Amino acid sequence: EPEVTQTPSHQVTQMGQEVILRCVPISNHLYFYWYRQILGQKVEFLVSFYNNEISEKSEIFDDQFSVERPDGSNFTLKIRSTKLEDSAMYFCASKTGTESGNTIYFGEGSWLTVV
Amino acid sequence: SQQGEEDPQALSIQEGENATMNCSYKTSINNLQWYRQNSGRGLVHLILIRSNEREKHSGRLRVTLDTSKKSSSLLITASRAADTASYFCATKSGGSNYKLTFGKGTLLTVNP
């Protein structure tokens, strides 16, 4: 079964450093997402991306965050200057563009630890 | 309370028993999805139920949706130790074409 893949699975970074998390969505999907889950808390929406632009973002997704689809397969989340509170599991997700394709498929996540 | 609140927060049962988890939400929705998460792992999609559906089955899973009460339930029948995980409901509202709003989840422990 096709799946969303994410790299790295775990990254430890110094506060203030830039981090790029990478995702390969399912190949025929058109909508892409990033969510995050701070340890022990809810999964929170960060941003959605469609047709090469951000379609919606949450208040968490401030100027420190950016997303990019640099080629036909990768979808990246960049955190420009990491803070301790950015430590979380980051999930990439995708879905088709069809009316019936409402299921959003998630990757295994990237654990980010900021020290 | 917030959109997508599951109860109970934790549930411990014996293998072979049925497990029922509930989810309540506040605003109107287009659909509601249930996900499973093993500790430290990704979110696995279990089942999606649309706002015009009342019940849906998939294998040992049964999901109900009551839009008048703004609630859903997930029933896992004949549970197995491998069903041990956190279970989340996530709602997609009409106000957004894109995002899911998750609850805090129910931690299910199935004892062998």
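As a reminder, the structure under discussion sits directly above these lines.
Since the structure is predicted, the reported quantities are computational estimates derived from the model, not experimental observations. (Residues numbered from 1 in each chain as written. Chains lettered and ligands numbered in written order. Predicted model: local features only at pLDDT ≥ 70, side-chain atom pairs only at ≥ 80, totals over all residues. Heavy atoms only, no water.)

Undergrad: How should I be thinking about the nonpolar core in this particular structure?
TA: A general tendency of soluble globular proteins is for nonpolar side chains to be buried together. Among the nonpolar cores identified, the biggest contains 23 residues, and W34, L46, F61, V67, F75, L77 and Y90 of chain A are the most heavily contacted of them. Elements that contribute at least two residues to this core include exactly β3 (19-24), β4 (31-37), β5 (43-50), β7 (65-68), β8 (75-79), β9 (88-95) and β11 (110-114) of chain A. Setting aside its immediate chain neighbours within four residues, L46 of chain A contacts W34, Y35, R36, E56, K57, S58, I60, F61, L77 and Y90 of chain A. Of all hydrophobic cores here, the second largest spans 21 residues; its members include I13, L32, L46 and I76 of chain B. (Core = buried A, V, L, I, M, F, W, Y, C linked by side-chain atoms within 4.5 Å. Buried < 20%, exposed > 50% of the residue type's maximum accessible area, 1.4 Å probe, protein only. Helix = DSSP H or I, 4+ residues; strand = E, 2+ residues; numbered from the N terminus. Contact = heavy atoms within 4.5 Å.)

Undergrad: Just to check I follow, could you spell out the sheet that holds β7 of chain A for this structure?
TA: Hydrogen bonds along the backbone pair up the strands of a sheet, which may run parallel or antiparallel. Residues and elements named next belong to chain A. The strand order β1-β3-β8-β7 describes an open sheet built from four strands, whose pairing is antiparallel. Pairing within the sheet leaves two strands with one partner each, and these edge strands are β1 (5-7) and β7. Strand-to-strand twist across the sheet, computed as the mean angle between neighbouring axes with direction ignored, equals 20°. As paired strands, β3 and β8 are joined by five bridges and run antiparallel to one another. Paired with V19 across the bridge in β8 is I79. (Pairing = 2+ DSSP bridges. Axes fitted to C-alpha atoms, helices over the stretch in contact; angles between N-to-C directions.)

Undergrad: I'm lost on the pairing of β8 of chain A in this one. Help?
TA: Within a regular strand, the side chains alternate between the two sheet faces. Residue and element names in this part refer to chain A. Among the five residues that make up β8, four are buried, leaving the element largely enclosed by the rest of the structure. In this sheet, β8 lies alongside β7 in antiparallel orientation, the contact comprising four bridges. Bridged to F65 within β8 is I79. Connecting β7 to the antiparallel partner β8 that follows it, the hairpin turn spans six residues.

Undergrad: Honestly, the pattern of salt bridges in this entry has me stumped. Any pointers?
TA: Note on pairing: side chains with opposite charge can pair once their charged atoms come close. All chains considered together, the criterion is met by five salt bridges over all chains. The salt bridge involving R36 of chain A is made with E44 of chain A; its shortest N-O contact spans 3.2 Å. Exposure remark for R36 of chain A: the relative accessible area of 9% places this residue in the buried category. Notably, a salt bridge pairs K56 of chain B with E53 of chain B, separated by 3.9 Å at the nearest N-O pair. (Salt bridge = Lys/Arg side-chain N within 4 Å of Asp/Glu carboxyl O.)

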